[in-house]
Every structure is written in structure tokens, then in C-alpha cells.
Amino acid sequence: MSGQSLYRHIRNIRRVGLKEAWHQLNTIGDIKAGVLKGVDKYGNRYFENLETDMPEAPGRHRWVDYAQWDFNASQVPPEWSSWLAHIRGPPPHEDPVVQANTPLWKKDWVENLTGTRGAFKTYNTTVPKYKAWEPKVADRH
């Protein structure tokens, strides 16, 4: 558990339940209770806790619960990433600027696939200038 008080952890377990508390301990390493602010089309859930009686650590009151178990930060779409980093105030589905400035020609966002089978691999279509040396082995009698 993090450096927060035992009282805070017990209170949050009572708020979110044992199953969700266990899930949070295994994924984010802390037990947090907050308001669900939205879900993106990939299934990630976004939360915020603005309580004044027992607040989260500064800068840690917005968080994401990833839909996939093997998660990384590239699985968060740009509009939600800007909300998590406090670049945008309201969540994307409530933000009129994000809604108005989403062009129709914009491609769907894709997570970073480096290190996976879906990663981009280059290929060469030109003839090499040099050929690799292939030794000729003579039969030994």
C-alpha cells in the first residue's frame, strides 16, 4: 500500500468493496474511491476524487482503470490523456472544445504496438550493393 493512512485505506475499501479494492491493489497498487467520469471506446474507465475531507495526494486525484491487464500509458487516447494531465478541465465528452474540434477525417487512435506482433516492420525492395561472402568448402578425403 502507498504511504497514505490506514484509515483512508479502510474507508476506501468500504466505499468500493473488496473485489474492486483487490483489483486496484493488483493494478495500480493503491485503493482509491472516486467518481466515474467516463469510459472510452476501448473500455478504459476514468475516475476523479475531489473530496476535501480526505483528499488524494496532490496530482493523483485523477486516474485510469485500464481495460486490459497488460497495460501501458499508450493505451489512453489523446483526449483522455490531456484530461488526466490537467491540460483540459472537463472530461472529453463534456468539453465543448474537444467536441467542436474533432475533424471528421481524423483517423482512429491506435496504441503503441512496439514490441508486439502488430509492430511496424520495414522491408527493403532494392537490390543490395554487396553480396555476402559464402565460403566454398572443398571435400576432404
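A brief structural summary. Per-chain numbering applies: the sequence of each chain, read as written, is numbered from 1 onward. Where local features are concerned, this predicted model is filtered to residues with pLDDT of at least 70; where side-chain atom pairs are given and counted, the filter is 80 or more; whole-chain, interface and lining totals use all residues. Side-chain measures here rest on the full set of heavy atoms in the structure, leaving out hydrogens and waters.

Side note on the pattern of salt bridges
Logical step 1: Salt-bridge detection follows one rule: a side-chain nitrogen of Lys or Arg within 4 Å of a carboxyl oxygen of Asp or Glu. All told, the structure shown has seven salt bridges when counted by the stated rule.
Logical step 2: In this structure, the salt-bridge partner of D30 is R8, at a minimum N-O distance of 3.3 Å. In this pair, D30 sits in the loop between helix 2 (18-27) and strand 1 (35-39) while R8 sits in helix 1 (residues 6-16), placing the two residues 22 residues apart along the sequence.
Logical step 3: Here D30 falls in the buried class, since its relative accessible area comes to 3%. Numbering goes from the N terminus for both helices and strands, where a helix is a DSSP run of H or I of at least four residues and a strand is a run of E of at least two. Burial classes follow relative accessibility: with a 1.4 Å probe on protein chains only, a residue under 20% of its type's maximum area counts as buried, one over 50% as exposed, and anything between as partly exposed.

Some points on the environment of R14
Logical step 1: Locating R14 in the fold gives a position in helix 1.
Logical step 2: For the pair R14 and L104, spaced 90 residues apart in the sequence, the C-alpha separation amounts to 44 Å.

What to know about unusual backbone geometry
Logical step 1: For H86, which is not a glycine, the phi torsion comes out positive at approximately 65 degrees.
Logical step 2: Judged by relative accessible area, H86 falls into the partly exposed class, the value being 39%.

Quick word on the nonpolar core
Logical step 1: Side-chain atoms within 4.5 Å link the members of a nonpolar core, which is a set of buried Ala, Val, Leu, Ile, Met, Phe, Trp, Tyr and Cys residues. Core analysis: the biggest nonpolar cluster contains six residues, these being Y46, V64, Y66, V76, W80 and W83.
Logical step 2: In this description, contact between two residues means that some pair of their heavy atoms is separated by no more than 4.5 Å. Leave out the neighbours within four places in its chain, and V76 touches Y46, V64, Y66, S81, L84 and W109.

Looking at the pairing of strand 2 (residues 45-48)
A regular strand places its side chains so that they alternate between the two faces of the sheet.
Logical step 1: By the convention used here, strands pair only if DSSP detects at least 2 bridges between them. Summarising the sheet, strand 1 and strand 2 pair through four bridges and their orientation is antiparallel. Paired with G38 across the strands is Y46, a residue of strand 2.
Logical step 2: Between strand 1 and strand 2, which follow one another and run antiparallel, lie five residues, and G43 among them has a positive phi close to 95 degrees.
Logical step 3: Where strand 2 and strand 3 (residues 62-65) come together, four bridges link them in antiparallel fashion. Along strand 3, the bridge assignment pairs F47 with W63.

A short note on the sheet that holds strand 1
Hydrogen bonds along the backbone pair up the strands of a sheet, which may run parallel or antiparallel.
Logical step 1: The strand order 1-2-3 describes an open sheet built from three strands, whose pairing is antiparallel. If you trace the sheet from one side to the other, it starts and ends with strand 1 and strand 3, each paired once. For this sheet the average axis-to-axis angle between neighbouring strands, irrespective of direction, equals 30 degrees. Every angle, taken between N-to-C directions, lies between 0 and 180 degrees, and every axis is a line fitted to C-alpha atoms, over only the stretch in contact when it is a helix.

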